[in-house]
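Residues per chain are reported as follows:
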Amino acid sequence: MAWRLRLAPEKTNIDFFRLQWITFGLSGFLMVASLVLIATMGFNFGIDFKGGTTIRTESTSPVDVGIYRDALSGLGLGDVTITEVFDPTFREDQHVAQVRIAAQEGVEAVTPETIEVVETALRAVDPAITFPSVESVGPKVSGELVRTAFLSIAAACLGIGLYIWMRFEWQYSVGTIVALVHDVVVTAGVFSLFQLKFDLTIVAALLTILGYSVNDTVVVFDRLRENLLKYKSMPLREVMNLSVNETLSRTLITAGTTLLALIPLLIFGGDVIRGFIFAMTFGVFIGTYSSVYVAKNIVLWIGLPRGDAIKKASANQFADIDA
Amino acid sequence: MIFIPLWQRLLVALVTAGAILLALPNLFYSRVEQANDARASIETGLSTTELEAQAGQWPSWLPSGLINLGLDLRGGAHLLAEVQVADVYASRMDSLWPTIRDALAAERDTVGFVTREEGPPAELHIRISNPDRAARALEIVRGLAQPVATVTGGGASDIEVRAQNDILIVNLSEAERTATDDRTVRQALEIVRRRIDEVGTREPTILRQGADRILVQVPGVGSAQEVKDIIGTTAQLTFNPVVQRTTNENADPGPGNILVPSLDEPGAFYILDRAAVVTGEELTDSQPTFDQNGRPAVSFRFNAQGALAFGEYTSAHIGEPFAIVLDNEVISAPVIQSAIPGGNGIITGQFTPEESTNLAILLRAGALPAELTFLEERTIGPELGEDSINAGKTAAYAAAVLVVLFMIASYGIFGVIAVVALAINIVMIFALLSLLGATLTLPGIAGIVLTMGQAVDANVLIYERMREELRRGASPVKAVQEGFGKAFSAILDANVTTFIIAAIMFFVGTGTIRGFAVTLAIGVVTTMITGVYVSRVLISLWFARTRPKTITV
C-alpha cells in the first residue's frame, strides 16, 4: 500500500453528539455574543456603506500620520481618519496611507473640490506623494447598498433553503438555514469585535462563505439520506454519526485544499483584498464546524420521519450518472 | 474496463482543445490587445504600415478575445450618475404654457383673462379672471391632453388638470411621468455614450442602472474628474425671446419669465421669456466656423420642425433681440435683422477657436435632457492595478503549487489526475471569461484561486467513495464506477447551491462584486465538467493503459 497523506484515520468512530451541549452551547453563545457586539460596537463601515471619500496615498518617503493630520486639520473637512497601511508585498520605499473623509452633511453628490483641497494640502507636506486611488460614495447610494447587502444575504439563505427543501426534506432545510445564519452572524461578529473594515467585498465574502458552508452541509446530508435508507432500524443519532464519520476525511481534505489556496492570497494578495480573504478563510473554519456541529443537530432536534417518508425523499434524488 | 463511449471521449478532447485555444490570447495579453486595436482602426479606414505591423503581431485565424481587466486591475474611473428626471417636467410645463394660453385666450369671453402664476417647477399654475367658469376652462385644457406615448400607457392622458378657486393647476400624469423618465434616462445614456465616444477612449462601459442611474466606467483615464468634464453637465441650448436687458441681478423677471446672466459681459442680465422658441433638441448639425469678420463662431442647422418655428418667429419679430442660451447663460443676444427661413445660422460670441470647436461638439452630441448628479466616483491609478495583478499572480502560483502537492500526497496517481483536471478547469475558466468578454476584477482573481481549492472537492468526493468501495472489497473498475455514481448527487447539490449564490451576487451586486460572481459561476460550471467528466475520461485512459489488478486511491 502506497503512502498517503491522511488528515483523518481511515476509519473513525467519533461520537459527534457526545459533547453536543458544549459544542451547540458554544455556537449559541458565539451567536449571541456576536449579535451583542454588533449591536453595541457596530461595524467599521467602509465608504460603501457609510458614504464619504477614501484617498489612498503612496510615497517614497515614510508616512507620518501626525503631519498628514496637521496638514488636513485646518480644512474643515469634519471627520477625517488617517491610517498607515502595511503590507508584506510593498516595496522597500513604498509607503502607503489611507485617508478617509466622512460624508459631508447634507451633500448628496460628491464634491471634487474637497478632494482637490486634500490632495493639494498633502502635496505641500510631501511633494513625492501620489494618489493611486480616490473613491467617493454619496450617502444616498451607501444607504441603498446597506439594504442591498442585507437583502442579498437573506435572499441567498432563502434560495438555498428552498433548494434543500426541494432536494431533501424541510427538516434539512431548517438545519441548513440555521447553520448558515450561524456562520454569517459569527463572521460578522468577528469583524465587529476587531473593528475590521466592513465594505461590499466583505458582503461578497459572506455570500461565498454561505456557499462553502452549504457545500459541506449538503455532503453530510446527502450521505445521511443514503444511510437512512441503508440502515432503516438504526437510531437517527447513530446514522448521523456514521454519516459524519464517513465523510470526515472528505470534509477535512476539502477544507485543507481550500485553505491552501486561501492562505497564499492572505499573505501575498495585497492589502486591497486582505479583509475579503480573511473573511473567507475564517468562513472555511466556521463553515466546516457548523456543518459538523450545527446543521445536523438541528435536524436531530426536529427529528426526521422514518419509513414511508424516506421513500419519498429518495424519489427526490436525481438519477445517478451512468458510470 | 471502464467503458466510455467514443463520442464522449472525443467531446472531452474537443472541449479541452477549444478551451486552450480560446484562453491562449490571454497569455500574450499586450500583444493581442495591440493587434486588436490596430485591426479596429484599420477597419474604420485608417491604414498605415505601422498599424498593419501591429495587426500582424497576432494571426487573425486565432481567437483574439481577451478577458477585460476590471478597473481595479487596469486603473481608470468609475462614476455613478443620477439623472435628475424631474428637470424635464418643468420644461414640459414651460412648453405647454403657450398652447394653453392660446387655447384659453380664444375663449376669453367665458373664462376671462389668463395669467401664469409662480408654482412648483413641475406644475403649471394658471390664474383665470373668471373663476365661476373654471369648469369650462378645465374642459378646454383637458381637451389639449394627448395620450401617453407608450405601449403600456394604454389610453392614459399625459396631463392632469385640477382647479383651485381661480387657479388651474396642470401637471404631468403618473403614466406620463414614468414614460418621460424612461425616455429622459435613455436619451441621457445615449448622449453620455456619444460624448465619451467622441473623445475616443478605449472600451468604456456605459450602462443604465435601475430606473434613473447611469454607470460609466472608463479604463485608463487619470481621474474621475476628466470623465466628468467630458460628460459635461447639461449643454442645454435654447433660443429665447428677450423681454428686457438689465444690470440688476435681483430684478423681478415677472411670471413666465426668467433672469439669466450673460456669459461674457459681467454684470449684465437678461430677462427672457421662459418658453424657448427652439431648443438644442431640434439641432441636426453644428460645426465650428468663422463669422464675416473672421472671428470664431459656431454654425447650426435645425430640423424641419425647428426650422419652421425659427423661421416663423424671426419673421414676426424683426428688429427685436433674441437670446442664445447655453446652460443658463446668455452666449449672445443679437437683434433679428431679417427672417431666417432655412433653419441655418451661426452663433457668434467671444469664442476662442477651441471653445467654438468644443461647443460644436457639445451641440452636435445633443443636450443632456436633464442634469446629472454624481453619486459615486472612484478613480484607481494604473500602478495600483498593476500591483494588484502581481499580488494576485504570486498568490495564485503559490496556491497552485500547494494544492498540487497536497492532492498528489493525498491520492497518488489519482491526485495527478485531479491536478490535470484542475489545470483544464482553470484553462476553461479563462476561455469562458474571454468568450463572454467578462471582466476580471481583483475579487475575481480571488474567485479563481478559491476555485482551485474547491474544484478538487468533486475529485475528493469521488475518491473518498472509491476508497470506501475498495475497503468493501470492490474490484478497481467497480470502485471507480461506484465512486463516480454515488458521489454525483453530492457534487451536483454542492455546485447548484454555489451557483445560486453566484446568481444572487450577480443580480444585486455591482462592479467588482459582479466580477467575482461571474468567475464563481463560471467556476461552478467548469468544475462540474472537469471534476466529473474530464476526470472520468482521464481515469479510463489510465486504466486502459495500465490495466491495474489492484489500485490504491
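Bear in mind the structure is a predicted one, so any value in this text is a computation, not a measurement.

With that settled, consider the nonpolar core. Formed by 130 residues in total, the largest nonpolar core has its most connected members in Leu210(A), Phe276(A), Phe414(B), Leu433(B), Tyr463(B), Met505(B) and Ile539(B). Apart from the residues lying within four places of it in its own chain, the contact partners of Tyr463(B) are Tyr411(B), Phe414(B), Gly415(B), Ile417(B), Ala418(B), Ile539(B) and Val553(B). In terms of nonpolar packing, the next biggest core, distinct from the first, is built from 45 residues, Leu79(B), Ala81(B), Trp97(B) and Ala224(B) among them.

This part takes up the sheet that holds strand 6 (residues 167-172) of chain B. Residues and elements named next belong to chain B. If you walk across this open sheet you meet the 4 strands as 3-4-6-5, and the pairing is antiparallel. Lying at the two open borders of the sheet, with one neighbouring strand each, are strand 3 (114-117) and strand 5 (159-164). The average undirected angle you get between the axes of adjacent strands in this sheet is 25°. The sheet contact formed by strand 4 (residues 123-128) and strand 6 spans 5 bridges and is antiparallel.

Moving on to the pattern of salt bridges. In the structure shown here, the tally under the stated rule is 39 salt bridges over all chains. Between Arg250(A) and Asp457(B) there is a salt bridge; the shortest N-O distance is 2.7 Å. Of the two residues, Arg250(A) is situated in helix 8 (residues 236-268) and Asp457(B) in helix 13 (residues 442-471); the pairing between them involves two chains. Pair check on accessibility: Arg250(A) and Asp457(B) agree, each one buried. A salt bridge links Glu482(B) to Lys486(B); the shortest N-O distance between them is 3.3 Å. With Glu482(B) and Lys486(B) both in helix 14 (residues 476-508) and 4 residues apart, this pair spans about one turn of that helix. Linked by salt bridges that have partners in common, Arg223(A), Glu246(A), Glu468(B), Glu469(B), Arg472(B), Lys478(B), Glu482(B) and Lys486(B) make up one network.

All names here are of chain A. Under the present numbering, the feature "transmembrane region" (unreviewed entry) in UniProt falls on residues 21-43, 145-165, 172-194, 200-221, 242-267 and 273-295. Taken end to end, residues 145-165 is 100% helix and 0% strand, and its first and last C-alpha atoms sit 30 Å apart. Helix makes up 100% of residues 200-221 and strand makes up 0%, while its end C-alpha atoms are separated by 31 Å.

Counted under the stated rule, the structure contains 28 aromatic pairs over all chains. Between Tyr411(B) and Tyr463(B) the ring centres are 5.0 Å apart and the planes differ by 65°, which places this aromatic pair in the edge-to-face class. Of the two residues, Tyr411(B) sits in helix 12 (residues 382-436) while Tyr463(B) sits in helix 13, which places them 52 residues apart along the sequence. Of the two residues examined, Tyr411(B) and Tyr463(B), each falls in the buried class. One aromatic cluster is present, built from ring pairs that chain together Phe43(A), Phe45(A), Phe49(A), Phe191(A), Phe198(A), Phe278(A) and Phe282(A). One cation-aromatic arrangement involves Lys296(A) over Phe17(A); the distance from NZ or CZ to the ring centre is 4.0 Å. The aromatic ring of Tyr89(B) is capped on one face by Arg177(B), whose charged end is 4.7 Å from the ring centroid.

What follows covers the domain arrangement of chain A. Residues and elements named next belong to chain A. For chain A, the domain assignment lists domain 1 (20-45 + 142-313) and domain 2 (52-137). A C-alpha centroid distance of 38 Å is found between domain 1 and domain 2. Facing 10 residues of domain 1, the contacting portion of domain 2 comprises 10 residues. Across the domain 1/domain 2 interface, buried area totals approximately 620 Å², and carbon plus sulfur atoms make up 41% of it.

A few words on the side chain of Asn171(B). Residue and element names in this part refer to chain B. Tracing the backbone shows Asn171 in strand 6. For Asn171, a relative accessible area of 9% translates into the label buried. Separated by 3.4 Å, the side chains of Asn171 and Arg162 make a polar contact. Apart from the residues within four sequence positions on either side, Asn171 is in contact with Met93, Ala122, Glu123, Asp158, Ile159, Glu160, Arg162 and Arg177.

Let us now look at helix 14 of chain B. Along its 33 residues, helix 14 of chain B runs 47 Å from first to last C-alpha, staying within 8% of the 48 Å computed at 1.5 Å per residue. Residue Phe488(B) marks the point of greatest curvature in helix 14 of chain B, where the axis turns by about 40°.

Let's shift gears to the interface of chain A and chain B. Taken together, the contact pairs 81 residues of chain A with 75 residues of chain B. Buried area between chain A and chain B, both sides added, is near 6,600 Å², and the carbon and sulfur share of it is 63%. A salt bridge links Lys140(A) to Glu82(B); the nearest nitrogen and oxygen atoms lie 2.9 Å apart. The interface formed by chain A and chain B holds 19 residue pairs in polar contact (both at pLDDT 80 or more) in total. Among the elements that line the side of chain A that touches chain B, the one with the most residues is helix 7 (residues 200-230) of chain A, at 17 residues. Split into classes, the residues belonging to the side of chain A that touches chain B amount to 42 nonpolar, 19 polar and 20 charged. Where strand 5 (residues 130-137) of chain A and strand 18 (residues 372-380) of chain B come together, 5 bridges link them in antiparallel fashion. Residue pairing across strands places Glu135(A) opposite Arg378(B), the latter belonging to strand 18 of chain B.

Bringing the layout of surface pockets into the picture now. Empty space left among the atoms is revealed by rolling a probe the size of a water molecule over them. Space inside the second largest pocket adds up to approximately 1,600 Å³. Those elements that provide at least two residues to the lining of the second largest pocket are helix 5 (86-105), strand 3, helix 8 (174-199), strand 9 (237-246), strand 10 (257-261), strand 12 (278-279) and helix 10 (304-316) of chain B.

Moving on, we come to the pairing of strand 6 of chain B. All names here are of chain B. Within strand 6, 6 of the 6 residues are buried, which leaves the element mostly enclosed by the surrounding structure. The two faces of strand 6 match: Ile167, Ile169 and Asn171 on one face and Leu168, Val170 and Leu172 on the other face are all buried. Two elements, strand 5 and strand 6, share 6 bridges in a ladder whose sense is antiparallel. What sits directly across from Gln164, in strand 6, is Ile167. Here strand 5 hands over to strand 6 after 2 residues, with Asn165 in that stretch at a positive phi of 55°.

Take the domain arrangement of chain B next. All names here are of chain B. Taken as a whole, chain B is organised into domain 1 (6-26 + 63-70 + 384-546), domain 2 (87-174) and domain 3 (233-377). One C-alpha centre belongs to domain 2, the other to domain 3; they are set 27 Å apart. At the junction of the two partners, domain 2 supplies 6 residues and domain 3 supplies 8 residues. Carbon and sulfur atoms make up 51% of the surface buried where domain 2 meets domain 3, a total of about 620 Å² over both sides.

Sheet architecture is open: 8 strands sit in the order 3(A)-4(A)-2(A)-5(A)-18(B)-2(B)-8(B)-7(B), paired in antiparallel fashion. Unpaired on one side and paired on the other, strand 3 (80-85) of chain A together with strand 7 (205-209) of chain B mark the two borders of the sheet. Across the sheet, the mean angle separating the axes of adjacent strands is 15° when strand polarity is ignored. In the sheet, strand 2 (residues 52-59) of chain A pairs with strand 4 (residues 95-102) of chain A via 8 bridges, with the strands oriented antiparallel. Each residue of the ladder has a partner; that of Thr57(A), found in strand 4 of chain A, is Ala97(A). Helix 12 of chain B contacts strand 2 and strand 5 of chain A together with strand 18 of chain B of the sheet and is inclined by roughly 95° relative to strand 5 of chain A.

Sequence positions flagged by UniProt for "domain: Protein export membrane protein SecD/SecF C-terminal" (unreviewed entry) are, in local numbering, residues 118-302 of chain A. The distance from the first to the last C-alpha atom of residues 118-302 of chain A is 59 Å, and the span holds 83% helix and 5% strand.

The subject of this paragraph is a nonpolar patch on the surface. Residues and elements named next belong to chain A. A cluster of nonpolar side chains, contributed by Leu162, Trp165, Trp170, Val174, Trp301 and Ile302, occupies part of the molecular surface with about 680 Å² of accessible area. Along the chain, Ile302 turns up in helix 10 (residues 295-302). On the basis of relative accessibility, which here comes to 33%, the residue Ile302 falls in the partly exposed class.

How each quantity is defined
- Residues numbered from 1 in each chain as written.
- Chains lettered and ligands numbered in written order.
- Predicted model: local features only at pLDDT ≥ 70, side-chain atom pairs only at ≥ 80, totals over all residues.
- Heavy atoms only, no water.
- Core = buried A, V, L, I, M, F, W, Y, C linked by side-chain atoms within 4.5 Å.
- Buried < 20%, exposed > 50% of the residue type's maximum accessible area, 1.4 Å probe, protein only.
- Contact = heavy atoms within 4.5 Å.
- Pairing = 2+ DSSP bridges.
- Helix = DSSP H or I, 4+ residues; strand = E, 2+ residues; numbered from the N terminus.
- Axes fitted to C-alpha atoms, helices over the stretch in contact; angles between N-to-C directions.
- Salt bridge = Lys/Arg side-chain N within 4 Å of Asp/Glu carboxyl O.
- UniProt positions renumbered as here; feature names shortened; annotations may be inferred.
- Phe/Tyr/Trp six-rings, centres within 6.5 Å; stacked < 30°, edge-to-face > 60°.
- Lys NZ or Arg CZ within 6 Å of the ring centre and 35° of its normal.
- Domains from an automatic or database assignment.
- Buried area = accessible area lost by both parts, 1.4 Å probe.
- Polar contact = N/O pair within 3.5 Å; in protein donor to acceptor, adjacent residues only side chain to side chain.
- Expected span 1.5 Å × (residues − 1).
- Bend = angle between axes of the 7 residues up to and from the residue.
- Nonpolar A, V, L, I, M, F, W, Y, C, P; charged D, E, K, R; others polar.
- 1 Å grid on protein atoms, 1.4 Å probe; cavity = no way out; pocket = protein on both sides within 12 Å on 5 of 7 lines; lining within 4 Å.
- Points joined across faces, edges and corners; volume = space filled by probe spheres on them.
- Patch = residues over 30% accessible without salt bridge, like charges linked within 9 Å, V, L, I, M, F, W, Y side chains within 5 Å.
- Areas by Shrake-Rupley, 256 points an atom, 1.4 Å probe, with all protein chains shown as cover.

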